[in-house]
Amino acid sequence: MSDVTVKQLAETVGASVDRLLNQMQEAGLPHSKDDEAVSEEQKQTLLAHLKRSHGSEEASPRKITLKRTSVGTLKTGQGRTGRNVKVEVRRKRTYIKRSEPEAESAESAAAPEKVVSQSELERARIHDEEQKRQAAEEQARAEVAARKAEEDQRREEARLKEEQEKAETARATAEQSKANKAPVKAEEEDPAAKVLEAAVDAQVKELASERGGKRAKGKTHEKGRSEEPHRDGKGRRHELSLKSDRRGRRKATPRVRVEQLGGEFAPTGFIAREVEVGDVISVGDLAQQMAIKAGEVIKQLMGLGVMATINQVVDQDTAVLVVNEMGHRVKIVHEDAIEQALEKSLQVKGEGENRSPVVTVMGHVDHGKTSLLDFIRKSKVASGEAGGITQHIGAYSVEMPSGRICFIDTPGHAAFTAMRARGARVTDIVILVVAADDGVMPQTVEAIQHAKAAGVPMIVAINKCDLEGADPQKVTNELLANEVVPEKLGGDTQFIEVSAHTGQGVDELLEAILLQAEILELKAVKDAAGRGVVIESRLDRGRGPVTTVLIQNGTLKLGDMVIAGENHGRVRAMLNDRGEPVKTAGPSEPVEILGINGTPAAGDDLSTITNERAARELADFRRGKTQDARHELQQAAKLENMFANMGDGQKRVLKMVLKTDVRGSLEAITQALIAMGNDEVSVNVLGQGVGGITETDATLALTYGAAVFGFNVRADNRAKAILEREGVDLRYYSVIYELLDDVKAALSGMLAPEVREEIIGVAEVRDVFRSPRYGQVAGCMVLEGMVLRNKPIRVLRDNVVIFQGELESLRRFKEDVGEVRNATECGIGVRNYNDVREGDLIEVFDTREVARELA
């Protein structure tokens, strides 16, 4: 390359001429002007000076180390007993740069001293520059490779650290589950572990020999975790390290890590799990589903501003945030998911067919509802009812020339409000029976309210029109006052005058029912899973639980698995309302079914379910919810009673065990009994059920001092013997009036008597004397009644009570007397009171207790 001037060199390197001249003078070059020539040797001298001044030569790396990590998998054993071992091998290579004096000394030592020509020197110089350039390029490449290797190493160390932390978490979970097992020493491992260690050792030796160029002897170090008190040896960690005996350039330290959890190798990578989150979930359950420590979840909650312990619950939104923050998948699970699955399986598809109407007969007690239905059915049902009143719901099907009608008879007594409301919910048409001689009564108004609340059309049947005192127009006017308007007055309600005794108007009533059903266009899908509602249930001695069901949609078949409320079972037998066995029951058909494992509550939905397992799970779920709700109510009642009794003394409770023949009567009586109590007395039904009184019921009553009430049921011999021997009160009833009246009388007797005051006499103070024996004595005149010595008194001043106490003495003419009558003077000494003044009134009164009655 030809020489250049200082100015040209300054333009080439991009620096000013003055700065370049200063640097050249600092380097010892004789340049002072910009037009002086600069040779190649001078350039090299300037370049060396600049490197020394900037520290490039000293800072350049003299040694470069390259590291590489490779991961492999080694399988030991055969078949399902084999195990995969993760083998991690790290390699390191070091490059050392020799200095120029060393290189020159080596060249001088290698070459003999001789005299060279100018051309040979030039070629040597060019060769030397080429070597320097190649060395610089190689150095730059080595620097880039070193930086990349260092970054890779840092990333690998971070990844290994993260994997180690996850493995530690997994092992901690396993250690907690194996807390009751004794520790196992590392020397007592099974043969499979020894084979695994030998195989890993051989693999490490082979890798070391391939990379090092010769066989290196491996040294295996086992670092167990058996020092923890509750480990069984399966969760230990093995670390195998190999150090070659090469010095300076290479030092290979491959490491093998074995993670063992529950007999299987735990994955070292992060696993995103699906976490089921309900309405609420505890911190411990949330951590268990994510397979992490509860402390990590608590730490995450603290970051969200929620302070919770491992046993506390968090809401669904908070749990979803925690799961998403920790990288897992969320699966929202509703508490009633099993109920939703049942509803989805019962969805009806297809076109509906015309079905029979369901008619509920409602009205006041003893207005002739059952008698009217009896005339329609051509049977005597009312004669079998105790007291002539209906005690439970009856469902009957009647064949008409123009179609079938299903009738539901409901009780009219006030205690059966819930049963009437239930009948209104399941019906299509309501027949409101009103006696022509009695008019609209309280239960009649209640039936109207139930029908309007359910949105069910009504047909008014004015019964007992054959009696002399019948006044249908009066009934119409009273119904108008309750917003029931007949058709002839512009309303939408049909009024039919009937007589259950003579049959008058019954045909018109049936025609009105069919006309109303045709207007409603009642439809149902017959070819579907059976679904209905429980009308009544009872416990029969010979047949077990018997449930009366009204099918609302689909077809119920013999042998179907059904669930009703908290009970389930398979339909073993089906009887229609006439007692005939049937194999199928379609929409609007009432049937009695046998096979359910209990007596479901009246009003519970009955549904066909796929299998027994699903039915059992759903029944247990419903039973648990009912039990939780009952427990909450009991706890709330305990708290309320505790605060209520803190000031007024303990509340008196009538304890009883109630058994009835059917479920509907049990529900009605229980609700009526609970409503009887007040702040002082109440009824506590300790045990209730359907069926006869058993030994268990008698033992329960004996233990808690309760009375036993049986409604249309009797006690068996064992129960009767216990009750008679221990003197426990046992009462039988067949009419609900008598039972409720007896309980009301018992509660009235438990009420604290009312204390009433009666003023016996009033005396006016005319003068005040001082007595050495009695102190202050008031001379009085009896104005009203009489003054008795042994009765309490009050002292009134200006008609205001200022003192209440007792008499110290009562005298007349210096004689002690027991009483002083009206218009008589006397001397009165008041005990512990010395401020009696002239003009005060002394009032004598008496207290007496009056028995109270429960309202």
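Every value quoted in this text rests on a predicted model; they were computed, and no experiment measured them. (Residues numbered from 1 in each chain as written. Predicted model: local features only at pLDDT ≥ 70, side-chain atom pairs only at ≥ 80, totals over all residues. Heavy atoms only, no water.)

So what exactly am I meant to see when it comes to helix 16 (residues 506–520) here?
Within an α-helix, residues lying three or four positions from one another point in the same direction, as the helix has 3.6 residues per turn. With 15 residues, helix 16 should cover 21 Å at 1.5 Å per step; its first-to-last C-alpha distance of 21 Å lies within 8% of that length. Three or more residues of helix 16 are buried, namely V506, L509, L510, A512, I513, Q516 and A517. Buried residues along helix 16 cover an arc of 155 degrees about the axis, so they all sit on one side. Exposed and facing more than 90 degrees away from the buried side of helix 16 are D507, E511, E518 and I519. (Helix = DSSP H or I, 4+ residues; strand = E, 2+ residues; numbered from the N terminus. Expected span 1.5 Å × (residues − 1). Buried < 20%, exposed > 50% of the residue type's maximum accessible area, 1.4 Å probe, protein only. Arc of directions from axis to C-beta.)

When you look at the environment of P792 in this model, what are you seeing that I'm missing?
Following the sequence through the fold, P792 ends up in the loop between strand 34 (787–788) and strand 35 (793–797). In this structure P792 comes out as partly exposed when scored by relative accessible area, which is 26%. Distance from P792 to Q804, taken between C-alpha atoms, is 7.5 Å for residues 12 residues apart in sequence. Among all residues touching P792, those that are not within four sequence positions of it are G805, E843, V844 and F845. (Contact = heavy atoms within 4.5 Å.)

Mind showing me how you'd approach the environment of I298 here?
Looking at where I298 falls in the secondary structure, it is placed in helix 9 (residues 294–303). Relative accessible area serves as the criterion here: at 22%, I298 is assigned to the partly exposed category. Placed 12 residues apart in sequence, I298 and I310 show a C-alpha to C-alpha distance of 7.5 Å. With residues up to four places along the chain from it excluded, the contact list for I298 reads V283, A308, T309 and I310.

How should the nonpolar core be read in this particular structure?
Here is a general trend for soluble globular proteins: nonpolar side chains tend to be buried in one another's company. One finds L372, F407, I431, L509 and I513 to be the most contacted residues of the largest nonpolar core, which totals 24 residues. A per-element tally of this core places helix 16 first, with six residues. Within the second largest apolar cluster, 23 residues are counted, among which are L658, V690, A707 and V743. (Core = buried A, V, L, I, M, F, W, Y, C linked by side-chain atoms within 4.5 Å.)

Could you clarify how one ought to interpret the packing of helix 19 (residues 695–704) against helix 20 (residues 717–726) in this entry?
Two quantities define a packed helix pair, namely the angle between the axes and the distance from one axis to the other. For the pair helix 19 and helix 20, interaxial distance at closest approach is 7 Å and the crossing angle is 20 degrees. Relative to helix 20, the element helix 19 is oriented roughly parallel. Our pair here, helix 19 against helix 20, has a crossing hand that is left-handed. Between helix 19 and helix 20, the contacting residues are E695, A698, T699 and L702 on the first element and R718, A719, I722, L723 and E726 on the second. (Axes fitted to C-alpha atoms, helices over the stretch in contact; angles between N-to-C directions. Parallel < 35°, antiparallel > 145°, perpendicular 65-115°, else oblique. Left-handed = near helix turned anticlockwise from the far one by under 90°.)

What am I meant to see in the sheet that holds strand 36 (residues 800–805) here?
Hydrogen bonding along the main chain pairs the strands of a sheet, whether they run parallel or antiparallel. Here eight strands make up an open sheet; going across it, the order is 36-35-41-32-33-40-37-38 and the pairing antiparallel. Two strands close off the open sheet at either side, each with one partner strand: strand 36 and strand 38 (815–816). With 10 bridges joining them, strand 32 (residues 754–771) and strand 33 (residues 775–785) adopt antiparallel strand pairing. Paired with V765 across the two strands is C780, which belongs to strand 33. (Pairing = 2+ DSSP bridges.)

What is the right way to read the pairing of strand 21 (residues 544–553) from this model?
Regular strands place their side chains on alternate faces of the sheet. Of all 10 residues in strand 21, eight are buried, a share of seventy percent or more. Sheet topology places strand 20 (residues 531–540) next to strand 21; nine bridges connect them, and they run antiparallel. Across the sheet, the residue bridging to V533 is L550, located in strand 21. Here strand 20 folds back onto strand 21 in antiparallel fashion, the turn holding three residues. Of the strand pairs in this sheet, strand 21 and strand 26 (residues 590–596) are connected by five bridges, and their pairing is antiparallel. Bridging from a neighbouring strand, L550 pairs with P590 of strand 26.

What should I look at first to understand the pairing of strand 17 (residues 458–463) in this one?
Within strand 17, six of the six residues are buried, leaving the element largely enclosed by the surrounding structure. Burial of the side chains of strand 17 extends over both faces: M458, V460 and I462 are buried on one face and I459, A461 and N463 on the other. Of the pairings in the sheet, the one linking strand 16 (residues 429–435) to strand 17 comprises six bridges and is parallel in character. Within strand 17, the position partnered with V433 by the bridge is A461. Chirality of the crossover, the property in question, places the unit of strand 16, helix 14 (residues 442–454) and strand 17 among those that are right-handed. Bridging between strand 17 and strand 18 (residues 494–497) involves four bridges; their strand directions are parallel. Looking across to strand 18, one finds that A461 is bridged to I496. With helix 15 (residues 472–481) bridging strand 17 and its parallel neighbour strand 18, the resulting β-α-β unit is right-handed. (Right-handed = clockwise from strand over helix to strand, strands pointing away.)

Please explain the packing of aromatic side chains as it appears in this structure.
The relation between two aromatic rings is expressed through the spacing of the ring centres and the mutual angle of the planes. On inspection of all chains with the given rule, the structure shows two aromatic pairs. On the numbers, 5.8 Å between centres and 5 degrees between planes, the contact of F709 with Y733 is stacked. Within this pair, whereas F709 is found in strand 30 (residues 707–711), its partner Y733 is found in strand 31 (residues 730–733), the two being separated by 24 residues in sequence. In this pair, the class of F709 matches that of Y733, namely buried. Taking 4.6 Å as the distance between ring centres and 15 degrees as the angle between the ring planes, the aromatic pair formed by F803 and Y833 counts as stacked. (Phe/Tyr/Trp six-rings, centres within 6.5 Å; stacked < 30°, edge-to-face > 60°.)

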